[in-house]
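# Fold and contact review
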Amino acid sequence: ICSKIKSLASSNNTLFVNTKESVYKLNADDTWSDVSPNISHDIFSSFSSMNNTVFLSGWNDLPTSPYRQNFIVYSTDEGVSWNNLINLPTFVGGPGGSFLDPWRIYCNNGKLYVFENNMLYYTTDFGLTWIDNSLPAQYCNRFTGFLNYNSVSYAATCGDGELLKLDSNLNWILSNNGLPMADHPN
């Protein structure tokens, strides 16, 4: 059995999953209901949740460009209604916040993070303002993972064993002491 599930999240004791095409929530009788946002999309990408809000990222292909227009929608009523997150950050790489890949999203401690390649932004006010915490040039240019642990942000990047963390001055620093380096043939 192969699953088409791309990501999952929970909010208000409700479990949500998404495929590229649809969004579902788990009912009390162990069945699933389609609660997809009624929006134009080519792909729903990933879920994250915070308190009673579930966030969903995705994209629309732009027919005259190699780029895609990213979007984020959210629901505070278990998928009954969906709202667009407005004033999204503009990532380098394409017009109007577009990029080649969908944004990955992550919620923690009152912050919604959006990231792709070396860019990371977060908001605490549903997108009214965004803070840039992108990777500096001396590190690899692609996030492969991101999370907060004990109020510290950590990022796995594509370099040889690059695990970074934000220090107290909000600078990315290496935090891979004792981790193995990647093996590369010479």
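Residues numbered from 1 in each chain as written. Predicted model: local features only at pLDDT ≥ 70, side-chain atom pairs only at ≥ 80, totals over all residues. Heavy atoms only, no water.

### A short note on the sheet that holds strand β5 (residues 43-50)
Reading across the sheet, the four strands line up as β5-β6-β7-β8 and stay open at both edges, with antiparallel pairing between neighbours. The strands lining the two open edges of the sheet, one partner per strand, are β5 and β8 (83-84). Pairing analysis gives eight bridges linking strand β6 (residues 53-61) to strand β7 (residues 68-75), with the strands arranged antiparallel. When the bridges of β7 are listed, Gly 58 appears paired with Phe 71. (Pairing = 2+ DSSP bridges. Helix = DSSP H or I, 4+ residues; strand = E, 2+ residues; numbered from the N terminus.)

### Concerning the sheet that holds strand β11 (residues 119-123)
The strand order β9-β10-β11-β12 describes an open sheet built from four strands, whose pairing is antiparallel. What marks the edges here is a single partner per strand, and that holds for β9 (104-108) and β12 (131-132). Relative to strand β10 (residues 111-116), β9 runs antiparallel, the two sharing five bridges. When the bridges of β10 are listed, Cys 107 appears paired with Leu 112.

### Re the pattern of salt bridges
Counted by the stated rule, this structure contains two salt bridges. Residue Lys 4 pairs with Glu 21 through a salt bridge whose shortest N-O separation is 3.2 Å. Of this pair, Lys 4 sits in the segment before β1 (7-11) while Glu 21 sits in the loop between β2 (14-18) and β3 (23-26), and the two are 17 residues apart along the sequence. By relative accessible area, Glu 21 is classed as partly exposed at 40%. For the salt bridge of Glu 78 with Lys 25, the shortest nitrogen-to-oxygen distance reads 3.9 Å. (Salt bridge = Lys/Arg side-chain N within 4 Å of Asp/Glu carboxyl O. Buried < 20%, exposed > 50% of the residue type's maximum accessible area, 1.4 Å probe, protein only.)

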